[in-house]
Amino acid sequence: MNSDLLENLRLELRRGGLVLAVLAKLRSEYHGYALAKALKESGLEIDENTLYPLLRRLESQKLLNSHWRVEDKRNKRFYRLSADGEPVLDWLLEEWRSINGAIETLLEAPIAARKKKA
Amino acid sequence: MTHELTNQELLDRYVHAVKMLLPADKMDDIAAEIRSNLQSLVEDRATQLGRELSAVEMSAILKQHGHPMLVAGRYRDQTMRGLISPELFPFYWFTLRAILALWVTIRVIVAVFTLQGTATASSVPLLLGRDILLAAFFIPAGVTLIFAVWEYLEHKFRYSERWKPESLAPVPRIPQPHSQQRPMVHVVGGVVWLVFWALALFVPAFAWVWGGRGVFSPSDTVYAMRLPLWLLAAFGISQSWLKYTRFATAEWRRFLVTAVVAAGLVLALFLLRGGDLLVAGPRWDPSQARSLATLNQMTAGVLVLACAFAVLLCLHELRRFARRFSGGQSGDKFNGHKVMY
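Residues numbered from 1 in each chain as written. Chains lettered and ligands numbered in written order. Predicted model: local features only at pLDDT ≥ 70, side-chain atom pairs only at ≥ 80, totals over all residues. Heavy atoms only, no water.

On to the overall build of chain B. Regarding its fold elements, chain B presents 12 helices and 2 strands. For chain B, the sequential pattern of α-helices and β-strands runs α-α-α-α-α-α-α-α-β-α-α-α-β-α. The proportion of buried residues among the 341 residues of chain B is 35%. Only carbon and sulfur atoms are counted for the fraction: they give 68% of the accessible area of chain B, which is about 21500 Å². (Helix = DSSP H or I, 4+ residues; strand = E, 2+ residues; numbered from the N terminus. Buried < 20%, exposed > 50% of the residue type's maximum accessible area, 1.4 Å probe, protein only. Areas by Shrake-Rupley, 256 points an atom, 1.4 Å probe, with all protein chains shown as cover.)

See below:
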């Protein structure tokens, strides 16, 4: 199988999930690097050049709030889910579960059919 | 001896390079954040290693972070990344090539025509080269500008979201056979026709085509209208070329045919108003006077018939367009579908 094709398909699959993961993680406050690290530790590695602009975009869409604050003697920009972002996150999670459930059903249908035949 | 850069200098250079490519209104803020995140990453690595990073390791981190141009590019407005969007690009590309091809064809034909018997014939190829070079710059610039404005207006007003399925052109009842041979015959025929007229009208050595022994010549009216006649022929050939290459939709080709016929009608009317199309040539023999009169009558008759045919065709096309815009269906086998033949 063409590795470029696989990579493109993987990226497409991940794209929507990344926004959801970022919004979900930012129910707590994080700065950019710490968020990238936390997501990686959760098993979801994001390229920093994708994550940082994404944070900016979500902020411009009023889904996140941000502010500069000194931590460990250095100025860092912290992000957090905004009041507008909370219902959006809930809605996205509901959508995610619905898609997930539908795919699970699709995957289980052939297994159930095979069991019935046997 | 070269000065070895410190980690701080490397970081400063990198952040500055990114900053210079960022949108002006946010460059300081974004650059500060990139610096902050990179410093966190460097501190993290240093903690893991239990020592400061070397310049080589620092360089590797920055290299892995990405080229400044790519990093800055991610912060630009994604919707305005390109002048022409991928959706519009195929149409843009086709339009650009079609206009360039048409323009070069016409310009070459005009140049060939201008070469005939002019005192400044030697300068014509130079002028042609200059014009083609200028066109290679200005035509893409103009077409790109038009499409960029279109793209901007589309982005702003979302015209493409206002379409209705009902407004799409109907599917043809009888599909056009995909014959390559007939259009090829058109192209070859068009070229032969063009060459014939070129030789007959403008090359004295070929005057025999008019009257057997070169006794007749084209009238001043015909000679004065040689350029429009050439352009008409060129448009006729370009229409056949479009059909052969299938670069244009059937609807567009039909429009082109109508335009060429309408232009031909105007030219034919001018020729008819100008009186006799043939006059006595350099080897005129008075005994040929009757033949000349007959030939002029026949030519005029052919032109009148061509005018009548052109008027009928134009009226038919007008009626068809009117019916289409009033929501009716013409029932023609071409019917304005978007399939490329």
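Let's shift gears to the overall build of chain A. Across its full length, chain A carries 4 helices and 3 strands. Its helices and strands taken in sequence order, chain A reads α-β-α-α-β-β-α from the N to the C terminus. Within the span of chain A, comprising 118 residues, buried residues form 32% of the whole. Contacts in chain A between residues far apart in sequence, at least 24 positions, make up 46% of those at least 6 positions apart. As displayed, chain A has an accessible area near 8000 Å², and 54% of this comes from carbon and sulfur atoms. (Contact = heavy atoms within 4.5 Å.)

Moving on, we get to a nonpolar patch on the surface. Residues and elements named next belong to chain B. Together, L145, V149, Y152, L153 and F157 line one region of the surface with nonpolar side chains, adding up to about 450 Å² of accessible area. Topologically, L153 is positioned in helix α6 (residues 124–157). A relative accessible area of 31% places L153 in the partly exposed class. (Patch = residues over 30% accessible without salt bridge, like charges linked within 9 Å, V, L, I, M, F, W, Y side chains within 5 Å. Salt bridge = Lys/Arg side-chain N within 4 Å of Asp/Glu carboxyl O.)

What follows concerns the packing of helix α1 (residues 3–25) of chain A against helix α4 (residues 85–117) of chain A. Axes are the key here: two packed helices are described by the angle between their axes and the distance separating the axes. All names here are of chain A. Close contact between α1 and α4 brings their axes to 10 Å; oriented N to C, the two are set at 135 degrees. Relative to α4, the element α1 lies oblique. The two elements α1 and α4 cross, and the hand of that crossing is left-handed. Taking contact as the criterion, the partners of G17, L20, L23 and A24 in α1 are, on α4, L89, L92, L93 and W96. The residue makeup of the contact of α1 with α4, split by class, is 7 nonpolar, 1 polar and no charged. (Axes fitted to C-alpha atoms, helices over the stretch in contact; angles between N-to-C directions. Parallel < 35°, antiparallel > 145°, perpendicular 65-115°, else oblique. Left-handed = near helix turned anticlockwise from the far one by under 90°. Nonpolar A, V, L, I, M, F, W, Y, C, P; charged D, E, K, R; others polar.)

Our next topic: the confidence of the model for chain B. All names here are of chain B. Put simply, chain B has an average pLDDT of 73, and 65% of its residues get 70 or more. Note on residues 207–213: pLDDT is under 50 here. Beyond four places in sequence and across chains, it has 15 contacts. A low-confidence stretch, residues 328–341 (pLDDT under 50), is modelled with 44 contacts involving residues beyond four sequence positions or located in other chains. We note a pTM of 0.50 for the whole complex and an ipTM of 0.83 for its interfaces. (pLDDT = per-residue confidence, 0-100.)

Next up on the list: the packing of aromatic side chains. All names here are of chain B. The final tally for this structure, using the stated rule, is 3 aromatic pairs over all chains. For the pair Y92 and F147, a centre-to-centre distance of 5.3 Å together with 70 degrees between the ring planes defines the contact as edge-to-face. Of this pair, Y92 sits in helix α5 (residues 89–115) while F147 sits in helix α6, and the two are 55 residues apart along the sequence. The exposure class of F147 is buried, given its relative accessible area of 4%. The interplanar angle of 40 degrees and the centroid separation of 5.3 Å between the aromatic rings of F147 and W150 together place this pair among those described as tilted. Separated by 3 residues within a single helix, F147 and W150 lie in helix α6, roughly one turn from each other. Residue classification places W150 among the partly exposed positions, given a relative accessible area of 36%. Grouping aromatic residues by their ring pairs yields a cluster made of Y92, F147 and W150. (Phe/Tyr/Trp six-rings, centres within 6.5 Å; stacked < 30°, edge-to-face > 60°.)

For interface size, the figure often reported is the accessible area lost on association. Listed per partner, the contact involves 17 residues of chain A and 16 residues of chain B. Taken as a group, A:Y33, A:N49 and A:R74 account for 39% of the area that chain A buries against chain B, more than any other trio of residues on that side. For the pair chain A and chain B, the interface holds 5 salt bridges. Across the pair A:R77 and B:D29 runs a salt bridge, and its minimum N-O distance is 2.5 Å. Linking chain A to chain B there are 16 residue pairs in polar contact (both at pLDDT 80 or more). Of all the elements, helix α3 (residues 48–60) of chain A adds the most residues to the side of chain A that touches chain B, at 6 residues. Of the residues in the side of chain A that touches chain B, the class split is 5 nonpolar, 5 polar and 7 charged. (Buried area = accessible area lost by both parts, 1.4 Å probe. Polar contact = N/O pair within 3.5 Å; in protein donor to acceptor, adjacent residues only side chain to side chain.)

This part covers the side chain of B:N37. Relative to the elements of secondary structure, B:N37 occurs in helix α2 (residues 27–49). Looking at B:N37, the relative accessible area reads 3%, which means it is buried. Apart from the residues within four sequence positions on either side, B:N37 is in contact with A:H31, A:G32, A:Y33 and A:Y52.

What follows concerns unusual backbone geometry. All names here are of chain A. Backbone geometry at K62 places phi at a positive 65 degrees, although glycine is not the residue there. One can find K62 in the loop between α3 and β2 (64–71). Overall, the relative accessible area of 55% leaves K62 in the exposed class. Positive phi, normally seen in glycine, also occurs at D72, with a value near 50 degrees.

What follows is about helix α2 (residues 32–41) of chain A. Helical geometry note: an α-helix holds 3.6 residues per turn, so side chains three or four residues apart project in the same direction. Within the span of α2(A), buried status applies to A:G32, A:Y33, A:L35, A:A36, A:A38 and A:L39. Its buried side turned inward, α2(A) meets α1, β1 (30–31), α3 and β3 (74–81) of chain A together with α2 of chain B. Two residues or fewer after α2(A) comes A:G43, characterised by a positive phi angle close to 95 degrees.

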